Amino acid sequence: MRRVRPGALPRGTVGRTLTSVGAGADFDGGPEPDQAPGTGREAHDSREASRLWHITLSVSGAETPLQEVRRGLEQLAHDHPFLLTSRYANDHAEIRYWEEARDLHDAAAVALRLWGEHRSTSKLPPWEIVGLEVIDRDTYHQRIAEGYGPPPAAPVGVHPY
């Protein structure tokens, strides 16, 4: 995998591509690869660890044939493999997935670019984002345990409402 600085255009592209914040060695709280276990914890704590965020992105717009919406969402799921589930109708859709990021701001920024940056490559409808929910992993699991919020994203895939 080739790493580039955020906002840099990959070779041979015309527009910006969607980037995700990758996990560092600190994601699981383990030591750096070149660091012996149990040493130098102070340096480790000075960096922010990546976290998982549950994203729910809602889009809406002019009516589009259901087959086109489904095909576009299936292509998005292929292009964006960590997409959990999509629900759709002919004038709106909801996409749920997990994003890895340092904080809520980074996760929300990536989520807000998802639809627009994949619109042409996945042939998605020209709908606008009408809703965004970003919650951390603990909050997601707490809501599910208490019976609040959407049920876990199952079955995985693209489904009509």
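Asker: Tell me what's going on with unusual backbone geometry, and back it up with residues and numbers.
Answerer: The backbone phi angle of K123 is positive, close to 55°, even though this residue is not glycine. Examined against the element boundaries, K123 turns out to sit in the loop between α3 (104–118) and β4 (128–136).

Asker: Quick rundown of the sheet that holds strand β2 (residues 83–88)? Include the residues and the values.
Answerer: Taken in spatial order, the 5 strands of this open sheet run β4-β1-β3-β2-β5, and their pairing is mixed. Both edges of this open sheet fall to β4 and β5 (157–160), since each of them pairs with a single strand only. Pairs of neighbouring strands in the sheet enclose a mean axial angle of 15°, with direction left out of account. Looking at chain direction, strand β1 (residues 51–60) and β4 are connected through 8 bridges and run antiparallel. When the bridges of β4 are listed, S60 appears paired with E128. Here helix α4 (residues 137–146) sits on the sheet in contact with β1, β3 (92–101) and β4, set at roughly 90° to β4.

Asker: Explain helix α2 (residues 66–79) to me, and be specific about the residues and the numbers.
Answerer: Taking 1.5 Å per residue, 14 residues should reach 20 Å; α2 reaches 20 Å between its end C-alpha atoms and fits that length. Restricting attention to buried positions, one finds in α2 the residues V69, G72, L73 and L76. The buried residues of α2 all sit within an arc of 95° when viewed along its axis, so they share a single face. In this structure, α2 carries Q67 and H78 as exposed residues pointing more than 90 degrees from its buried face. Elements that come into contact with the buried residues of α2 comprise β2, β3, α3 and β5.

Asker: Could you give me a rundown of the side chain of S86, with the residues and numbers involved?
Answerer: Inspection of the secondary structure puts S86 in strand β2. Taking relative accessible area as the criterion, S86 reaches 0% and is therefore assigned buried. Every residue in contact with S86, bar those within four places of it in the chain, is listed here: L73, E94, I95, G157, V158 and H159.

Definitions and limits used
- Residues numbered from 1 in each chain as written.
- Predicted model: local features only at pLDDT ≥ 70, side-chain atom pairs only at ≥ 80, totals over all residues.
- Heavy atoms only, no water.
- Helix = DSSP H or I, 4+ residues; strand = E, 2+ residues; numbered from the N terminus.
- Pairing = 2+ DSSP bridges.
- Axes fitted to C-alpha atoms, helices over the stretch in contact; angles between N-to-C directions.
- Contact = heavy atoms within 4.5 Å.
- Expected span 1.5 Å × (residues − 1).
- Buried < 20%, exposed > 50% of the residue type's maximum accessible area, 1.4 Å probe, protein only.
- Arc of directions from axis to C-beta.

Scope: geometric values only; no functional claims are made or implied.
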